[in-house]
Amino acid sequence: MTVASHIAELKKKHDTLSSKVEQAQRAPAVDGLHIADLKKQKLKLKEEIGRLSA
């Protein structure tokens, strides 16, 4: 796997997590800890993308 394809895959996962966070924030029964966990995962992906892009 090339670095570019790995970055593309990470961006796809980041976008998927963004959608999940938005859906979870709209749902009244979703636990705040679940949303925080999704956001942490999203941040880790963003940091990894930034590290690989540099």
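In the block above lies the structure referred to throughout.
Remember, it's a predicted structure, so these values are computed and weren't measured experimentally.

**Observations concerning the nonpolar core**
As a rule of thumb, nonpolar side chains are buried together in soluble globular proteins.
Next up, step 1: Core analysis: the largest hydrophobic core is formed by nine residues, namely I7, L10, L17, V21, A24, I35, L38, L45 and I49.
Next up, step 2: Among the secondary structure elements, those contributing two or more residues to this core are α1 (3–26) and α2 (32–53).
Next up, step 3: Here this core gets five residues from one element, more than from any other, and that element is α1.
Next up, step 4: Non-local contacts of I35, meaning those with residues more than four positions away in its chain, are made with A24, Q25 and V30.

**Digging into the packing of α1 against α2**
Next up, step 1: Their axes nearest at 9 Å, the elements α1 and α2 cross at an angle of 160°. Of the possible angle classes, the one that applies to α1 and α2 is roughly antiparallel. Between α1 and α2 lies a crossing whose hand is left-handed.
Next up, step 2: Partitioned by chemical class, the residues of the contact of α1 with α2 number eleven nonpolar, six polar and seven charged.

So, how was this worked out
Residues numbered from 1 in each chain as written. Predicted model: local features only at pLDDT ≥ 70, side-chain atom pairs only at ≥ 80, totals over all residues. Heavy atoms only, no water. Core = buried A, V, L, I, M, F, W, Y, C linked by side-chain atoms within 4.5 Å. Buried < 20%, exposed > 50% of the residue type's maximum accessible area, 1.4 Å probe, protein only. Helix = DSSP H or I, 4+ residues; strand = E, 2+ residues; numbered from the N terminus. Contact = heavy atoms within 4.5 Å. Axes fitted to C-alpha atoms, helices over the stretch in contact; angles between N-to-C directions. Parallel < 35°, antiparallel > 145°, perpendicular 65-115°, else oblique. Left-handed = near helix turned anticlockwise from the far one by under 90°. Nonpolar A, V, L, I, M, F, W, Y, C, P; charged D, E, K, R; others polar.

No statement about biological role is implied by the geometric values presented.
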